[in-house]
Amino acid sequence: MIGNLYISLVMPCRNEEAHLGNTIKSVPDFFDEIVLVENRSTDDTYRVAKSLENRMPKLRVLKDDRTHGGIGYGYAHITGIGAATGDIIVCADCDGTYPIEDVPRLLRSMLEQGCAFATCSRYPDSSITLKHRLGVTTLNLEILVLYGLKLCDSLSGMWIFLKDVIPRLKLTEGDWNLSPQIKINAHKHCGELFCELPVRQARGRLGQTKQSYWRTGIRHAMWIACNRVHERQGLLPTD
Ligand SMILES: Nc1nc2c(ncn2[C@@H]2O[C@H](COP(=O)(O)OP(=O)(O)OP(=O)(O)O)[C@@H](O)[C@H]2O)c(=O)[nH]1
Ligand SMILES: [Mg+2]
């Protein structure tokens, strides 16, 4: 709990067996619920997660084996967010990179600004590689030009929001494109209730990346443009 608010943590998870136990055990106590959504791991992740679930009442392990182009990151978030029961939902990778221990400060800042959805920006941060910075800056610019939305970190995988906001997010993307979609939709449908908050990248990634940076970057650029065209054509859901 933070104040009188019940806090859920949603984590997508694939092939993270080596560090999953430590990652879950180090989740701060103020999280009342951890919803871990596993998807087609080829290692022992699901078994490790289930055995942790037996010992930790606050952990719920779900399985969602849907993928789009082999990726289930977006489906995992859609399932996890739908299952979460908290007043506040925090989404973050389960690779240790996001500073989930800073949620009380971030939540306070979000609520003081009168916001209901915050995306957490890792930029500027000198520890982030030039390759990542160039990619994110290009996508930030594309989103600014096409949607009028100024972001520092269009690909952040950490968001904090009130449960009431969920119907407005209109999430559909099953792959990595859920990441730009959640920000673009939250901004579009929440307006003034949307904000971006700076965070520091907690630490380097634990375990192996699931990311193919160039492929994903190009797909993001195409999705962001196509989504705007669909919006102009009136093909996207409205409020
Ligand atoms: N459920 C599910 N989770 C996934 C899938 N792919 C990746 N993940 C998880 O989603 C999160 C993000 O994946 P990462 O490999 O960290 O990708 P990234 O954050 O873009 O890149 P790095 O942190 O630099 O490796 C991690 O918690 C992964 O375990 C998937 O297909 N399904
Ligand atoms: Mg990651």
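The structure this text deals with has already been given above.
Keep in mind the model is a prediction, meaning the values are calculated, not measured.

> Describe the site of ligand 1, with residues and values.
Close to ligand 1 lie 20 residues, the nearest being Glu16, Gly72, Arg205, Thr209 and Tyr213. Separating an oxygen atom of ligand 1 from a side-chain N or O atom of Asp95 is a distance of 2.8 Å. In this structure, an oxygen atom belonging to ligand 1 sits 2.6 Å away from a side-chain N or O atom of Tyr213. Contact with the protein chains hides 91% of the accessible area of ligand 1, taken as 620 Å² for the molecule alone. When atom positions are compared with the pocket grids, ligand 1 is found to occupy the largest pocket. For the shell around ligand 1, the elements supplying multiple residues, two or more each, are strand S1 (7-13), strand S2 (33-38) and helix H3 (73-83). Here the residues of the shell around ligand 1 are counted per class, giving nine nonpolar, four polar and seven charged.

> Describe the coordination of the magnesium ion (ligand 2), listing the residues and the values that go with them.
When a metal carries six donors in an octahedron, the ideal angles between them are 90 or 180 degrees, while four donors in a tetrahedron ideally lie at 109.5 degrees. Around the magnesium ion (ligand 2), the protein contributes the donor atoms Asp93 (OD) and Asp95 (OD), which lie 2.1 to 2.3 Å from the metal centre. For Asp93, a relative accessible area of 21% puts it in the partly exposed group.

> So, the layout of surface pockets: which residues are in play, and what are the values?
The computed volume of the largest pocket comes to approximately 1,200 Å³. What lines the largest pocket is a set of 45 residues, and nearest its centre among them are Arg122, His132, Thr209, Gln211 and Tyr213. For the lining of the largest pocket, the elements supplying multiple residues, two or more each, are S1, H3, helix H5 (130-147) and helix H8 (213-232).

> How would you explain the pairing of strand S6 (residues 159-162) if you had to name every residue and give the values?
For strand S4 (residues 88-91) and S6, the ladder comprises four bridges, and the chain directions are antiparallel. Counted as the bridge partner of Val90 is Ile160 from S6. Direction of pairing for strand S5 (residues 117-121) relative to S6: antiparallel, over a ladder of three bridges. If you follow Ala118 over to S6, its bridge partner there is Ile160.

> Give me the sheet that holds S4: which residues, what numbers.
Spatial strand order, S3-S2-S1-S4-S6-S5-S7: seven strands in an open sheet with mixed pairing. Each edge of the open sheet is held by one strand with a lone partner, namely strand S3 (59-63) and strand S7 (194-198). Neighbour to neighbour, the strand axes of the sheet diverge by 20° on average, direction disregarded. Of the strands in this sheet, S5, S6 and S7 touch helix H7 (residues 178-190), which is tilted by about 40° from S6.

> Any chance you could break down empty space enclosed by the protein for me, citing the residues and the numbers?
Counting across every chain of the model gives one cavity of 30 Å³ or more. Of the volumes computed, that of the largest cavity is approximately 70 Å³. Lining the largest cavity are Ile71, Asp175, Trp176, Asn177, Arg215, Thr216, Arg219 and His220. Here the lining of the largest cavity is built from residues that sort into two nonpolar, three polar and three charged.

Rules used in this analysis
- Residues numbered from 1 in each chain as written.
- Chains lettered and ligands numbered in written order.
- Predicted model: local features only at pLDDT ≥ 70, side-chain atom pairs only at ≥ 80, totals over all residues.
- Heavy atoms only, no water.
- Near = heavy atom within 4 Å.
- Polar contact = N/O pair within 3.5 Å; in protein donor to acceptor, adjacent residues only side chain to side chain.
- Areas by Shrake-Rupley, 256 points an atom, 1.4 Å probe, with all protein chains shown as cover.
- 1 Å grid on protein atoms, 1.4 Å probe; cavity = no way out; pocket = protein on both sides within 12 Å on 5 of 7 lines; lining within 4 Å.
- Sits in = over half its atoms within 2 Å of the grid points.
- Helix = DSSP H or I, 4+ residues; strand = E, 2+ residues; numbered from the N terminus.
- Nonpolar A, V, L, I, M, F, W, Y, C, P; charged D, E, K, R; others polar.
- Donors = N, O, S within 2.8 Å, 3.2 Å for Na, K, Ca; no water.
- Buried < 20%, exposed > 50% of the residue type's maximum accessible area, 1.4 Å probe, protein only.
- Points joined across faces, edges and corners; volume = space filled by probe spheres on them.
- Pairing = 2+ DSSP bridges.
- Axes fitted to C-alpha atoms, helices over the stretch in contact; angles between N-to-C directions.
- Contact = heavy atoms within 4.5 Å.

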